Amino acid sequence: MTLDLRERGRWLARNVLPHEALLRAKLRNMCLYDLDIEDVIQETYARFMTHQSLETIRYPRQYALLTARAIIIDHVRHSRVVSITSSGNLELLEIPAQDINSEERIEFRQEVETVMAALNELPEACRETLILRRIEGLPQKEVAARLKISEKTVEKYMATGVRLLINLFGRGGKVRANTSTTQESGYSEDVAKKPRD
Amino acid sequence: MSLKNQEIDGLAADWVARRDLATLSDAEEAEFQAWLAADARHLGAYGRAEAVLSRLERLNGAALDSPAPEAEEQPRWNRRRLVLTGGIAAGVATGWGIAQFLPKTIPEQAYSTAVGEFRKVVLADRSVVTLNTDTKINVRFTEELREIRLIQGEAFFEVAKNKNRPFIVSAGETQVRAVGTSFTVSLLPQKPVQVLVKEGVVELRRAGETVGIPVRASANIQAIAPIDAPIVTVAVPEEKLARNLAWQGGQIAFDNQSLEEAANEFARYSRVRIVVDPAISEKTITGLFATKDPVGFAKAAAAVLKLQVEVRESEVRIF
């Protein structure tokens, strides 16, 4: 594989990740049957990772939605299962021509606020590690020394931070609910249980 | 998010962290490449994890490389501010539970739904009845019996356990007796009474028939009671059961049904008629659709089967 993963990641960070929550919301509205939304999203990213020339994509948000749509149609054609149920069906993933450019550009301030808000949700050790490594740009060794942790732990905190941020970014910043369910799982099922005699 | 996807994201995060912090050894690089190749989703998950890490650089990189005009008040990265605002995010308040007061004895009650409507009714014994489109039931509770008459349509019953007070649903000439279980009963025009059991066991017999052994139907069994033939039972696979109960979520499920049959099924739920060109009425469709959206169904079916759709005021034509 010759593609430069990090460069592509950087492009995705600017052009696709900020729209992931929108994409997920639209997919959710479609009520996909026997097709996991998360699979569609991962495959959408995969298509960007193998795209010949990302720089030629003028409207990445639109392109991401159309890619998801193409993935669903492929799935539908392949399995002959129509997976679209909602009122808007596939049209949900289309953007009216006059709106194509409207929300495409991500405002700088909004972007900074989103990233800060997400970082705030992380456990302190993960947050500190990510800040020292990726914002202040320190090498692993120095991050470890500053935080008085082992280099291995730096890696662990970083991976945990990324994992949590995947969820935080992907769900558009309504983040508390997601991080807390991992600790309090089972809560809603218990409450929802019907009384039986 | 399914566990599987979350696991993939976790592995992608591990790899991103490792690759960011140090150069991988040849063996590690081979391991990484093998992981990427193992599943089509891995590359996507990895790309997103890279993107997540890169996005953090917006906090410093932006100030350096983008003299963006819209950023009138470029906040320089400030860790203290981050930490200070950290504890403010509010928890999620969840409000569960509908407390519904119900008297112990109630006279006969009628419940119904219009075309395209659904309704969930909690009965006095805490059994729950879900009425599908265009359905009518009467409910009569006495000390000894819980009696429901399905007058037309389809209903799903989740019966609260009470051995001393059987729960009996009558539909046409058929009686379905349950103790604690969940099942649907349907009484539709030109069709025999059908009973589909999701949990537990029910017993079926003809009204007025007091001798003889009732027909038992347990979970994942469908019982069909034609007017002039014996009651028969068939096993129903789990997926089919789920499909048959899809209407409770306002959905309609098809598994290789002809467009003709699909159009008839939609007719139960909506005044907007689906008209299928006879030339293609035998083409089959599979999938889950919104009961209240025949037009959406027609468009989706046309997209898959490469057909045309014409939407008019009170009908939608597929050809």
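Being a predicted model, the structure only gives us computed values, none of them experimental.

Participant: Can you help me understand the overall build of chain B in this one?
Facilitator: Within chain B, the secondary structure is distributed over eight helices and 18 strands. Classification of the 319 residues of chain B by burial places 46% in the buried group. If you take every contact in chain B between residues at least 6 apart in sequence, the share linking residues at least 24 apart comes to 42%. As displayed, chain B has an accessible area near 16,300 Å², and 52% of this comes from carbon and sulfur atoms.

Participant: Is there a simple way to think about the overall build of chain A in this case?
Facilitator: From N to C terminus, chain A includes 10 helices and zero strands. Contacts spanning at least 24 positions in sequence make up 65% of the contacts within chain A whose residues lie at least 6 apart. Accessible area for chain A stands at about 9,800 Å²; split by element, carbon and sulfur atoms hold 49% of it.

Participant: Mind showing me how you'd approach the sheet that holds strand 18 (residues 315-318) of chain B here?
Facilitator: Within a sheet, neighbouring strands are paired by backbone hydrogen bonds and run either parallel or antiparallel to one another. Residues and elements named next belong to chain B. If you walk across this open sheet you meet the three strands as 15-18-17, and the pairing is mixed. At either end of the open sheet lies a strand with only one pairing partner, and these are strand 15 (273-276) and strand 17 (309-311). Across the sheet, the mean angle from the axis of one strand to that of its neighbour is 20 degrees, orientation sign disregarded. For strand 15 and strand 18, the ladder comprises four bridges, and the chain directions are parallel. The partner of Arg273 across the bridge, within strand 18, is Glu315. In the packing of helix 8 (residues 294-305) onto the sheet, the strands contacted are strand 15, strand 17 and strand 18, and the crossing angle to strand 17 comes to about 160 degrees.

Participant: How do you make sense of the pattern of salt bridges when you look at a structure like this?
Facilitator: Side chains that carry opposite charge are capable of pairing whenever their charged atoms lie near each other. Residues and elements named next belong to chain B. Evaluated as defined, the whole model comprises 27 salt bridges over all chains. Taking the shortest distance from any N to any O, the salt bridge between Glu29 and Arg19 comes out at 3.3 Å. Linking Glu29 in helix 2 (residues 26-38) with Arg19 in helix 1 (residues 3-21), this pair joins segments that are 10 residues apart in sequence. We classify Glu29 as partly exposed; its relative accessible area is 25%. Arg19 sits in the partly exposed class, given a relative accessible area of 23%.

Participant: Is there a simple way to explain the pairing of strand 5 (residues 146-158) of chain B in this structure?
Facilitator: On any regular strand, side chains alternate: one points to one face of the sheet, the next to the other face. All names here are of chain B. Relative to strand 5, strand 3 (residues 128-131) runs antiparallel, the two sharing four bridges. Following the sheet pairing, Leu131 is matched in strand 5 by Ala155. Direction of pairing for strand 4 (residues 136-141) relative to strand 5: antiparallel, over a ladder of six bridges. Following the sheet pairing, Ile137 is matched in strand 5 by Leu150. Both strand 5 and strand 6 (residues 167-171) contribute to a ladder of five bridges, which runs parallel. Paired with Arg149 across the bridge in strand 6 is Ser170. Across six bridges, strand 5 lies against strand 8 (residues 182-187) in antiparallel orientation.

Participant: So what exactly am I meant to see when it comes to unusual backbone geometry here?
Facilitator: Residue and element names in this part refer to chain B. Its identity as a non-glycine residue notwithstanding, Asn220 has a phi of 65 degrees, on the positive side. Tracing the backbone through its elements, the reader meets Asn220 in the loop between strand 11 (215-218) and strand 12 (221-225). Positioned with a positive phi, Lys306 is a non-glycine residue whose angle comes to about 55 degrees. Its place among the elements puts Lys306 in the loop between helix 8 and strand 17.

Participant: Would you explain helix 2 of chain B in this entry?
Facilitator: Note that an α-helix has 3.6 residues per turn; residues three or four places apart therefore point the same way. All names here are of chain B. When the terminal C-alpha atoms of helix 2 are compared, their 18 Å separation across 13 residues agrees well with the 18 Å that a helix rising 1.5 Å per residue should span. Looking only at helix 2, the buried set comprises Phe32, Trp35 and Leu36. Down the axis of helix 2, the buried set is contained in an arc of 100 degrees. They therefore lie on one face. The exposed set on the far side of helix 2, more than 90 degrees from its buried face, consists of Asp26, Ala27, Ala37 and Ala38.

Participant: Sorry if this is basic, but what is going on with the environment of Ala114 of chain B here?
Facilitator: Residue and element names in this part refer to chain B. Tracing the sequence through the fold places Ala114 in the loop between strand 1 (109-112) and strand 2 (119-122). Residue Ala114 is classed as partly exposed on the basis of its relative accessible area, which comes to 42%. The spacing of Ala114 and Asp134 is 20 residues in sequence and 4.7 Å in space, taken between C-alpha atoms.

Participant: How should I be thinking about the nonpolar core in this particular structure?
Facilitator: Within the largest apolar cluster, 68 residues are counted, with the highest numbers of intra-cluster contacts made by Leu27, Leu119 and Leu165 of chain A together with Tyr46 of chain B. It is helix 8 (residues 151-170) of chain A that contributes the most residues to this core, nine residues altogether. Those residues within four positions of Tyr46 of chain B in sequence are excluded, and the remaining contacts are Leu5 and Met49 of chain A together with Ala12, Trp15, Val16, Arg19, Phe32, Trp35 and Leu36 of chain B. Core analysis: the second largest hydrophobic core is formed by 32 residues, Leu150, Leu187, Val197 and Val202 of chain B among them.

Participant: Just checking my understanding: could you explain the layout of surface pockets for this structure?
Facilitator: Rolled over the atoms, a probe with the dimensions of a water molecule shows which regions are left empty. All names here are of chain B. The volume enclosed by the largest pocket comes to roughly 990 Å³. Lining the largest pocket are 36 residues, with Leu188, Lys191, Gln257, Glu265 and Arg268 sitting closest to its centre. The element contributing the most residues to the lining of the largest pocket is strand 14 (residues 251-258), with six residues.

Participant: How should the side chain of Thr181 of chain B be read in this particular structure?
Facilitator: Residue position: Thr181 of chain B is located in the loop between strand 7 (174-178) and strand 8. Beyond its immediate chain neighbours, meaning those up to four positions away, Thr181 of chain B contacts Phe157, Glu158, Val159, Val197, Glu199, Gly200, Val201 and Val202 of chain B.

Participant: How should I be thinking about the packing of helix 5 (residues 108-121) of chain A against helix 8 of chain A in this particular structure?
Facilitator: To characterise two packed helices, one gives the angle between the axes of the helices and the distance between these axes. Residues and elements named next belong to chain A. At a minimum axis separation of 10 Å, helix 5 and helix 8 run at an interaxial angle of 135 degrees. Taken as axis vectors, helix 5 and helix 8 run oblique relative to one another. Viewed along their axes, helix 5 and helix 8 form a crossing whose handedness is right-handed. Within the contact between the two elements, helix 5 uses Thr114, Val115, Ala118, Leu119 and Glu121 and helix 8 uses Leu165, Leu168 and Phe169. Residues that form the contact of helix 5 with helix 8 fall into these classes: six nonpolar, one polar and one charged.

Here is what the cut-offs are and how they apply
- Residues numbered from 1 in each chain as written.
- Chains lettered and ligands numbered in written order.
- Predicted model: local features only at pLDDT ≥ 70, side-chain atom pairs only at ≥ 80, totals over all residues.
- Heavy atoms only, no water.
- Helix = DSSP H or I, 4+ residues; strand = E, 2+ residues; numbered from the N terminus.
- Buried < 20%, exposed > 50% of the residue type's maximum accessible area, 1.4 Å probe, protein only.
- Contact = heavy atoms within 4.5 Å.
- Areas by Shrake-Rupley, 256 points an atom, 1.4 Å probe, with all protein chains shown as cover.
- Pairing = 2+ DSSP bridges.
- Axes fitted to C-alpha atoms, helices over the stretch in contact; angles between N-to-C directions.
- Salt bridge = Lys/Arg side-chain N within 4 Å of Asp/Glu carboxyl O.
- Expected span 1.5 Å × (residues − 1).
- Arc of directions from axis to C-beta.
- Core = buried A, V, L, I, M, F, W, Y, C linked by side-chain atoms within 4.5 Å.
- 1 Å grid on protein atoms, 1.4 Å probe; cavity = no way out; pocket = protein on both sides within 12 Å on 5 of 7 lines; lining within 4 Å.
- Points joined across faces, edges and corners; volume = space filled by probe spheres on them.
- Parallel < 35°, antiparallel > 145°, perpendicular 65-115°, else oblique.
- Left-handed = near helix turned anticlockwise from the far one by under 90°.
- Nonpolar A, V, L, I, M, F, W, Y, C, P; charged D, E, K, R; others polar.

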